[in-house]
Amino acid sequence: MPATDPYTVRLTPEVHAYVQPDGGWCLNNAGFISDGGSTLLVDTTATERRTLRLRDAVAEAGVPLPRTIVNTHHHGDHTYGNSVFVPEATVIGHDSCRSEQFAAGHQLHMVWPQTDFGDITITAPTVTYNDRLTVHVGAVEIRVIHPGPAHTIGDSIVHLPEQGIVFTGDLVFQGGTPFVPMGSLRGSLRALELLRSLDATVVVPGHGPITDPSAYDATENYLRYVTELAGTTHAKGLSPLEAARGADLGEFAELRESERLVANLHRAYAELDGLPEGSPLDVGAVFADMTAMNGGVPVACHA
């Protein structure tokens, strides 16, 4: 099987992770929990074709198709495929995940107009929560936790306490550069502390291979690097793009999507300017700066 093919990992008899290599732009992870009678799906994927493949993977595991979907946040790579499973499935998300999904609409189509996303109907959560929510699939307890503004303003952590498993959504990019312009740099650091407190031993990131709690340290190290860089360059009056172009990424140069540095600096600067965490940024300007950091080539959707 080519390394680029999605694959399913059975983590426990009830829990599967669905991984899409290599975890770059639009190649997210999903997962499903089933007792053989009912199934809960964590996230969908960016295209109709890829979500149909995810649906096949659920069926091939010998479990029912999902009656419940939990979206870890509103971004289209995690939610575009919701409509494949509705109306049979109910979609759950944070209050802000619902509002942000409607606000974003077909945002991926606008960012990547050449990508064939298929027949995508924006399908936002119809069940929302504010702080914490518990869902049960048979004997499996699933805790859905809002960490506050982090990757976005409407993130959800999906924690299975008895199994020691956590689905982090895009609070963790394993092998990839963190991405916080639509949430909060400071909030992302707080979210890592929350993740640590859950004591899960198996970490399913939003993108990249399944990992362990060491991913929290790696993510924190990068975010603290951005914090320190922003503090210096903001004081000097440099723009985020000037700061990113002059930066030495050091150990972080090996991460995928290094162009995200400039996007993260946009958020760091906003917080240094005193704007509230999660305040909307100019997405067009952020992506234009990432294009500049990417040698003038727009970042590519790999779905």
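Above this text you will find the structure in question.
Residues numbered from 1 in each chain as written. Predicted model: local features only at pLDDT ≥ 70, side-chain atom pairs only at ≥ 80, totals over all residues. Heavy atoms only, no water.

Enquirer: Even after reading the chapter, I still don't get the nonpolar core, so can you show me in this structure?
Expert: For soluble globular proteins, the rule of thumb is that nonpolar side chains tend to be buried together. The biggest cluster of nonpolar side chains holds 51 residues, and the ones touching the most others in it are L195, L261, L265 and M290. Those elements that place two or more of their residues in this core are β11 (165–173), α6 (185–197), α7 (214–235), α8 (240–245), α9 (260–272) and α10 (283–293). Excluding its chain neighbours within four sequence positions, the residues that come into contact with L261 are Y222, Y225, V226, L229, A244, A247 and L249. Counting residues in hydrophobic clusters, the runner-up holds 18 residues, among them I33, V70, L160 and F167. (Core = buried A, V, L, I, M, F, W, Y, C linked by side-chain atoms within 4.5 Å. Buried < 20%, exposed > 50% of the residue type's maximum accessible area, 1.4 Å probe, protein only. Helix = DSSP H or I, 4+ residues; strand = E, 2+ residues; numbered from the N terminus. Contact = heavy atoms within 4.5 Å.)

Enquirer: Could you clarify how one ought to interpret the pattern of salt bridges in this entry?
Expert: Taken as a whole and assessed by the stated rule, the structure comprises 10 salt bridges. R190 is the salt-bridge partner of E277, the closest N and O atoms lying 2.6 Å from each other. On the criterion of sequence distance, the pair formed by E277 in the loop between α9 and α10 and R190 in helix α6 is long-range, its members being 87 residues apart. As a salt-bridge pair, E257 and R260 come within 3.5 Å of each other at their nearest N and O atoms. Of the two residues examined, E257 and R260, each falls in the buried class. Linked through salt bridges whose partners overlap, the residues forming this network are E193, R196, D217, E220 and R224. (Salt bridge = Lys/Arg side-chain N within 4 Å of Asp/Glu carboxyl O.)

Enquirer: What's the story with the side chain of H16 in this structure? I'm lost.
Expert: Counting through the fold element by element, H16 comes out in strand β2 (residues 15–19). Overall, H16 belongs to the buried group, its relative accessible area being 8%.

Enquirer: Explain the sheet that holds strand β6 (residues 90–94) here, please?
Expert: For sheets, the rule is that strands pair by backbone hydrogen bonds, running either parallel or antiparallel. With mixed pairing, the 7 strands of this open sheet are ordered in space as β1-β2-β3-β4-β5-β6-β7. Both outer strands of the open sheet, β1 (7–10) and β7 (127–129), are each paired with one neighbouring strand and no more. Taken over all neighbouring pairs, the strand axes of this sheet differ in orientation by 20 degrees on average, direction set aside. Sheet analysis places strand β4 (residues 39–42) next to strand β5 (residues 68–70), joined by 3 bridges and oriented parallel. From the neighbouring strand, L41 faces β5, where its bridge partner is I69. Against the sheet, helix α1 (residues 48–60) makes contact with β1, β2, β3 (30–34) and β4, and its axis sits at roughly 150 degrees relative to β2, the strand it touches most. Contacting β6 and β7, helix α4 (residues 95–104) runs over the sheet at an angle of about 105 degrees to β6. (Pairing = 2+ DSSP bridges. Axes fitted to C-alpha atoms, helices over the stretch in contact; angles between N-to-C directions.)

Enquirer: Just to check I follow, could you spell out the sheet that holds strand β10 (residues 157–160) for this structure?
Expert: Pairing is mixed across the open sheet formed by 5 strands, whose spatial order is β8-β9-β10-β11-β12. Since the sheet does not close on itself, it has two edges, and those belong to β8 (132–137) and β12 (202–207), each with one partner. Put simply, the sheet's adjacent strands are angled 25 degrees from each other on average, direction ignored. Of the pairings in the sheet, the one linking β11 to β12 comprises 5 bridges and is parallel in character. Bridging across to β12, F173 finds its partner in H207.

Enquirer: Please clarify how unusual backbone geometry should be interpreted in this entry.
Expert: Where the residue is not glycine, phi is negative for most of them; where a peptide bond is considered, it is trans in most cases. The residue after P21, namely D22, is reached through a cis peptide bond having omega 0 degrees. Among the structural elements, D22 can be located in the loop between β2 and β3. Here the residue pair V86 and P87 is connected by a cis peptide bond, since its omega of 20 degrees sits within 30 degrees of zero. Locating P87 in the fold gives a position in the loop between α3 (82–85) and β6. Of note, the phi angle at D199 is positive, near 60 degrees, even though the residue is not glycine. By the element assignment, D199 lies in the loop between α6 and β12. Residue E257 is not a glycine yet carries a positive backbone phi of 60 degrees. Positionally, E257 belongs in the loop between α8 and α9.

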